[in-house]
Amino acid sequence: MTTVTTLADLQRESWQLTAHCQGRNCGSARRMNLAALIARFGPDHVFINDQKIPPLLVCRRCGHRGGSLTINV
Ligand SMILES: [Zn+2]
């Protein structure tokens with residue numbers, strides 16, 4: 001079984017991260033740029049229960065700061 005815990009693991013498995021806006025009545029979602037995340041946080045960054053990336057997410061639709069991440073296999 002493959003263990004996927006870091007950004008590099010996601011890239012290796014060709015999985016995608018999707019960011020979901022937590023703003024009221026928004027529900028906007030967009031795919032994260034994995035290469036950009038790796039460039040910023042490093043390939044060994046663990047995204048499970050991550051407390052670094054979600055607070056930095058800013059919604060392009062409503063401007064809400066803070067989101068949640070889900071994986072698309
Ligand atoms: Zn939003």
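Since the model is a prediction, treat every value here as computed from it, not as a measurement. (Residues numbered from 1 in each chain as written. Predicted model: local features only at pLDDT ≥ 70, side-chain atom pairs only at ≥ 80, totals over all residues.)

A. Here's a closer look at the overall build of the protein chain. For the protein chain, the count of helices and strands is two helices and three strands. At 12 Å, the protein chain has a C-alpha radius of gyration in line with the 11 Å of a compact globule built from 73 residues. A burial count over the protein chain gives 10% of its 73 residues as buried. Contacts in the protein chain between residues at least 24 apart in sequence constitute 61% of all its contacts with a sequence separation of at least 6. (Helix = DSSP H or I, 4+ residues; strand = E, 2+ residues; numbered from the N terminus. Rg over C-alpha atoms; globule rule 2.2 N^0.38 Å. Buried ≥ 20, exposed ≤ 12 C-beta atoms within 10 Å, placed from the backbone. Contact = placed C-beta atoms within 7 Å.)

B. Expanded view of unusual backbone geometry. Within the chain, Ser-14 stands out as a residue other than glycine whose phi angle is a positive 60°. Counting through the fold element by element, Ser-14 comes out in the loop between helix H1 (7–12) and strand S1 (16–21). Classification of Ser-14 as exposed rests on a count of 8 C-beta atoms within 10 Å. The phi torsion at Asn-49 lies on the positive side, around 55°, for a residue other than glycine. When you line up the elements, Asn-49 lands in the loop between helix H2 (34–41) and strand S3 (67–72).

C. How the structure looks around the pairing of S1. Where S1 lies against S3, six bridges are found, and the strand directions are antiparallel. From the neighbouring strand, His-20 faces S3, where its bridge partner is Ser-68. In the sheet, S1 pairs with strand S2 (residues 29–31) via three bridges, with the strands oriented antiparallel. Paired with Ala-19 across the two strands is Arg-30, which belongs to S2. (Pairing = 2+ DSSP bridges.)

D. Looking closely at the environment of Gly-23. Structurally, Gly-23 is set in the loop between S1 and S2. The sequence separation of Gly-23 and Gly-63 amounts to 40 residues, and the corresponding C-alpha distance is 8.4 Å. Setting aside its immediate chain neighbours within four residues, Gly-23 contacts Cys-59, Cys-62 and His-64.

E. Just the sheet that holds S1, in detail. Strand order in the open sheet formed by three strands is S2-S1-S3, and the pairing between neighbours is antiparallel. Both outer strands of the open sheet, S2 and S3, are each paired with one neighbouring strand and no more. Averaged over all adjacent pairs, the angle separating strand axes in this sheet is 30°, with direction ignored. (Axes fitted to C-alpha atoms, helices over the stretch in contact; angles between N-to-C directions.)

F. Representation of the environment of Arg-65 in the model. Tracing the backbone through its elements, the reader meets Arg-65 in the loop between H2 and S3. On a C-alpha basis, the gap between Arg-65 and Gln-22 in space is 8.0 Å, while along the polypeptide they are 43 residues apart.

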